[in-house]
Amino acid sequence: MDKELLDKSVQYLKGVGPANTKHLHKLCIQTVRDLLMHYPREYVWAVHKRVNELEVGDFAVVQGTIHKNLKAEVRGQNGIYYLKDAETAMHLSVLWFACAWVGKLMTEGRKVTLWGKVTEFRDKLQLVNPKHSFHGLPRSILSGGGIPIYPATKDLPSDTIAKIVHRFLDDH
């Protein structure tokens, strides 16, 4: 990569925009070089598992179909759903706290890939606030790598920083 490209302001990167530029500046990320030197603080290694293979504490990727859309209103705008594993026909509880937008996405019968830390509540396994994709496994997991966890802020989460970095690297 040439020095001119590395010294380019992050505001000119594809998909950054004025709001993310402001948030990147709060993290002392002014240039492309700064962005590339903003290393992940850790990587989370997710393993693709069937629902019947999950254990408390796993950071796992599960695929299935939204079986029941309870749209439970528990203390506000929380959504409780069940993911049905096609191969095992087992269900996994999935819960999002304060995410009303999830109800529009998690519709009955929709296929989804979820990943996150497996926890237990009342002797049942669950995923709480998992990441999701309707397009299969995330690229970092498909390539055998981990999911980068960047130092971030409330307004600029780690996954947004990862998208900016990946988009830049894909383009160059």
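Keep in mind the model is a prediction, meaning the values are calculated, not measured.

**Q** Tell me about the pattern of salt bridges, residues and numbers included.
**A** Per the stated rule, a full pass over the model turns up 7 salt bridges. Of the charged contacts, one joins D7 and R33 as a salt bridge, the two residues approaching to 3.1 Å between their closest N and O atoms. Here D7, found in the loop between α1 (3-6) and α2 (17-26), pairs with R33, found in helix α3 (residues 32-36); they are 26 residues apart in sequence, far enough to count as distant. Overall, R33 belongs to the partly exposed group, its relative accessible area being 34%. Between R50 and E87 there is a salt bridge, with the nearest N and O atoms lying 2.7 Å from each other. Residue R50 is found in the loop between β2 (47-48) and β3 (59-69), and its partner E87 is found in the loop between β4 (79-84) and β5 (91-96); the two are separated by 37 residues along the sequence.

**Q** Residues and numbers for the pairing of strand β6 (residues 111-121), please.
**A** Sheet topology places β6 next to strand β8 (residues 131-133); 3 bridges connect them, and they run antiparallel. Its bridge partner being in β8, W115 is matched across the sheet by K131. Relative to strand β7 (residues 124-128), β6 is paired through 4 bridges, and the arrangement is antiparallel. Each bridged residue has a counterpart across the sheet, and for F121 the counterpart in β7 is K124.

**Q** Tell me about unusual backbone geometry, residues and numbers included.
**A** For C28, which is not glycine, the phi torsion reads 65° and is therefore positive. Relative to the assigned elements, C28 resides in the loop between α2 and α3. The exposed category is assigned to C28, whose relative accessible area is 60%. The phi dihedral of D123 falls on the positive side, at around 65°, and the residue is not glycine. Along the chain, D123 falls in the loop between β6 and β7.

Parameters at a glance
Residues numbered from 1 in each chain as written. Predicted model: local features only at pLDDT ≥ 70, side-chain atom pairs only at ≥ 80, totals over all residues. Heavy atoms only, no water. Salt bridge = Lys/Arg side-chain N within 4 Å of Asp/Glu carboxyl O. Helix = DSSP H or I, 4+ residues; strand = E, 2+ residues; numbered from the N terminus. Buried < 20%, exposed > 50% of the residue type's maximum accessible area, 1.4 Å probe, protein only. Pairing = 2+ DSSP bridges.

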